Amino acid sequence: MAHDFHELKTLLDDVCEGYRLTFDEATGLLKTKDKLSFLIAAAADSLREKRCGDAVTWVKNQNINCSNICVNNCGFCGFSCKSGDLRAYELTLNEIGKKAGLAASRGVTEICTVSGLHPEYDMNSYLSVYRTIREHAPDVHIHASNPMEVAYAARRTGCSSREVLEAFRDAGVGTLCGTAAEILVDNVRDIICPGKISTDEWINIIKESHDCGLRSTATIMYGHCESARDQVKHLSIIREIQDETNGFTEFVPLSFIHPGTPIYKKGIARPGATGREDMLMIAVSRLFLDNFANIQVSWVKLGLKMVQMGLMSGANDLGGTLYEESISSSAGAKTGEYLDPADMRYISEDLGRPLVERRTDYSMV
Ligand code: SF4
């Protein structure tokens, strides 16, 4: 979309002074094709500086993905498989406990766990996992589950999603993952993940989670077969929820990794977002989500060089060390399983910004 330089500059200046972007304005920004994209990124960077300062934050965390066996067949997923598949795995509680103990000995402050929707899991299966982690890593924050897993556990157990959330919280879960959001537009979800919960179900479970005292992240997965308007519909839902609950800790744009996914192989999805789109998604997230302090860039999805560009386009957080990563790598990501804080320091100090270790709740270590 072609913008007039002066009109765009005025709009961006207004946003930096507190003006709330409208749906159409945000859509126009995401469609920018020319060098004015850099003006948008620069405004987002100024707003980042104003809202959360120069620190580039990160968390020392470890992933534990308990199983890749899943009853769903999401078209963007290269991770899941069925029982009996050569790739299928399922960690025992003993193995999960060992991994949690190793994570604690490494000094991680957060353990993240999500899994495939295992055909035999119910609420008690998830509770056993969280209790095992809690037992072996008593001081580590557990960032676990997501609205899809909560809905699945509720359905398999015959109870409400609120009961599941309260049980998870009481078993030691500290925050919920805001994944399974993908794009919160049902006609896109029908194409990319027809077996997943609907937009309304995702919204209801996230609000219930915040109401139960479980804060969460918020995510978007973009660059497959959604439009710019779909992306802004999603951002609008996230902004409205945050207005109501203030329960999101950060927003995490997740760029679609295409090579190993069914929707790409079938020609339904394009080969991921371009660099311009990645930059603008981060920048517009910063500009549109005026009720978020933290915008995270995903090194797993973008790689270190593009992540640094994200830090210059409105992002302030690098996410975590992870140690284990199987979801994006199964879809074809080449970024590896672990990001060394020394590499984080290299790119942040190159920008003249300090690297600061944080906890899940963004308090500093
Ligand atoms: S995205 Fe999650 S729910 Fe969907 S197929 Fe993959 S593991 Fe299963």
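About the cut-offs
Residues numbered from 1 in each chain as written. Predicted model: local features only at pLDDT ≥ 70, side-chain atom pairs only at ≥ 80, totals over all residues. Axes fitted to C-alpha atoms, helices over the stretch in contact; angles between N-to-C directions. Helix = DSSP H or I, 4+ residues; strand = E, 2+ residues; numbered from the N terminus. Parallel < 35°, antiparallel > 145°, perpendicular 65-115°, else oblique. Contact = placed C-beta atoms within 7 Å. Nonpolar A, V, L, I, M, F, W, Y, C, P; charged D, E, K, R; others polar. Buried ≥ 20, exposed ≤ 12 C-beta atoms within 10 Å, placed from the backbone. Pairing = 2+ DSSP bridges. Right-handed = clockwise from strand over helix to strand, strands pointing away.

Trainee: Teacher, can you tell me more about the packing of helix α6 (residues 147–157) against helix α7 (residues 161–171) here?
Mentor: It is at 8 Å that the axes of α6 and α7 come closest, and there the two elements cross at 110 degrees. Taken together, the axis directions place α6 and α7 in an arrangement best described as roughly perpendicular. In contact with Val150, Ala151, Ala153 and Ala154 of α6, α7 contributes Ser161, Val164 and Leu165. When its residues are assigned to classes, the contact of α6 with α7 shows 6 nonpolar, 1 polar and no charged.

Trainee: Is there a simple way to think about the pairing of strand β3 (residues 110–113) in this case?
Mentor: A regular strand places its side chains so that they alternate between the two faces of the sheet. Residues Glu110 and Cys112 point to one face of β3 and Ile111 and Thr113 to the other, with burial holding for every one of them. In this sheet, β3 lies alongside strand β2 (residues 61–63) in parallel orientation, the contact comprising 3 bridges. Considered in β3, the bridge of glutamine 62 is made with isoleucine 111. Handedness of the crossover is the feature at issue here: the chain leaves β2, passes through helix α4 (residues 93–105), returns alongside β3, and the resulting connection is right-handed. Pairing geometry for β3 and strand β4 (residues 141–144), over 4 bridges, is parallel. Paired with isoleucine 111 across the strands is isoleucine 142, a residue of β4. Where the polypeptide runs from β3 across helix α5 (residues 123–136) and back to β4, its parallel neighbour, the crossover connection is right-handed.

Trainee: Hey, could you run me through the sheet that holds β3 in this one?
Mentor: Two orientations exist for strands paired in a sheet by backbone hydrogen bonds: parallel and antiparallel. If you trace the 6 strands from one edge of the open sheet to the other, you get β2-β3-β4-β5-β6-β7, paired in parallel fashion. The sheet is open, and its two borders are formed by β2 and β7 (248–255), each paired with just one other strand. Strand-to-strand twist of the sheet, defined as the mean angle between neighbouring strand axes without regard to direction, takes the value 25 degrees. Strand direction decides the pairing type here: β4 and strand β5 (residues 173–176), joined by 3 bridges, are parallel. Looking across to β5, one finds that histidine 143 is bridged to threonine 175. Contacting β3, β4 and β5, α5 runs over the sheet at an angle of about 155 degrees to β4. Here helix α12 (residues 275–288) sits on the sheet and contacts β6 (215–222) and β7; the angle it forms with β7, its principal contact strand, is near 165 degrees.

In short, shape yes, function no, at least from these values alone.
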